[in-house]
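# Close look at the chain arrangement
So you can see what is in the structure, the chains are spelled out below.
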Amino acid sequence: MVRMSGVQKWFGDLHVLQDIDFEVATGEVVVVIGPSGSGKSTLCRAINRLEPINEGTIEIDGVPLPEEGKALAKLRAEVGMVFQSFNLFSHKTVLENVTLGPTKVLGKPKAEAEQRAHELLERVGVANQAGKLPAQLSGGQQQRVAIARALAMDPKVMLFDEPTSALDPEMISEVLETMVDLARRGMTMVVVTHEMGFARTAADRVVFMADGRIVEQNTPDEFFTNPQSDRAQDFLGKILKH
């Protein structure tokens, strides 16, 4: 579903993605972890060209990512994205936020888009908030609306860029539960996160990054119980102590 080959990315002199070869199979849940500044978010954002790359190729479902224009917009519509900071339209209701993409981008009739939006809001547990503005919701509720909004486009793959890092601890679990449910339903997912519990529970594969490279990847069981690289052992040693 996702294939990155020989991907390089620089920010000035900083080489943030180095020789990235990365594949995600249809229906696979891949969790990307690593220390801050390791290139995780850049990798995630490069998949739909929110972050342009300097070298290499990226394919979604066998189609190379276009550089720009309508073809890129069309392919982007097939890739759902959930950010750290919700990015909901503050002047539109929850329902309007979820129906905007399907009506404006996909050209769906309003009634059909609204019916689907209500189903998705029900699924993520915020059906009773449809008429409210985002500011009237908790952070956890806003992030679940953001997930529903991404799902409303019927994406082939969902990207999550640290979706819980802006949330209070008690709200994190409600968002992670929504994501675990998505994973169980077979959604192809790439998740950048610090939540190791989610990685253990929902991931098919854990990818560990450091210094702009993929250092190792394995099943959650293997990675957490028997990390192969010194970098991963050091990282896990630091975070699992606390």
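The following refers to the structure shown. (Residues numbered from 1 in each chain as written. Predicted model: local features only at pLDDT ≥ 70, side-chain atom pairs only at ≥ 80, totals over all residues. Heavy atoms only, no water.)

## Overview of the layout of surface pockets
Operational definition: As defined here, a cavity is a set of points on a 1 Å grid over the protein atoms alone where a 1.4 Å probe fits but cannot get out. A pocket is an open set with protein on both sides within 12 Å along at least five of seven lines, and residues line them when an atom is within 4 Å of a point. Grid points are joined across faces, edges and corners, and a volume is the space filled by probe spheres set on the points. Helix and strand definitions follow DSSP, with helices as H or I runs of at least four residues and strands as E runs of at least two, each counted in order from the N terminus. The nonpolar class holds Ala, Val, Leu, Ile, Met, Phe, Trp, Tyr, Cys and Pro. Asp, Glu, Lys and Arg form the charged class, and all remaining residues, Gly among them, are polar.
Approximately 560 Å³ is the volume attributed to the largest pocket. The wall of the largest pocket is formed by 20 residues, among which Arg76, Val79, Met81, Arg149 and Met153 lie closest to the centre. Where the lining of the largest pocket is concerned, the elements lending two or more residues are helix H2 (69-76), strand S6 (79-82), helix H3 (94-104) and helix H5 (139-151). With five residues, the top contributor of residues to the lining of the largest pocket is H3. Residues of the lining of the largest pocket, tallied by class, amount to twelve nonpolar, five polar and three charged. In this structure, the second largest pocket occupies an estimated 160 Å³ of space. Around the second largest pocket sit Lys92, Leu95, Glu96, Thr99, Leu100, Thr103, Lys104, Lys110 and Glu114, which together line it. At the level of secondary structure, the elements contributing two or more residues to the lining of the second largest pocket comprise H3 and helix H4 (110-123).

## Looking at the sheet that holds strand S4 (residues 55-60)
Worth spelling out the cut-off: Here a strand pair is declared whenever DSSP counts at least two bridges between the two strands.
What the four strands build is an open sheet, ordered S2-S1-S4-S5; its pairing is antiparallel. On the outer flanks of this sheet lie strand S2 (14-24) and strand S5 (63-64), each paired with one strand and no other. As defined by bridge partners, S4 adjoins S5 across two bridges and the pair is classed as antiparallel. Paired with Ile60 across the two strands is Val63, which belongs to S5.

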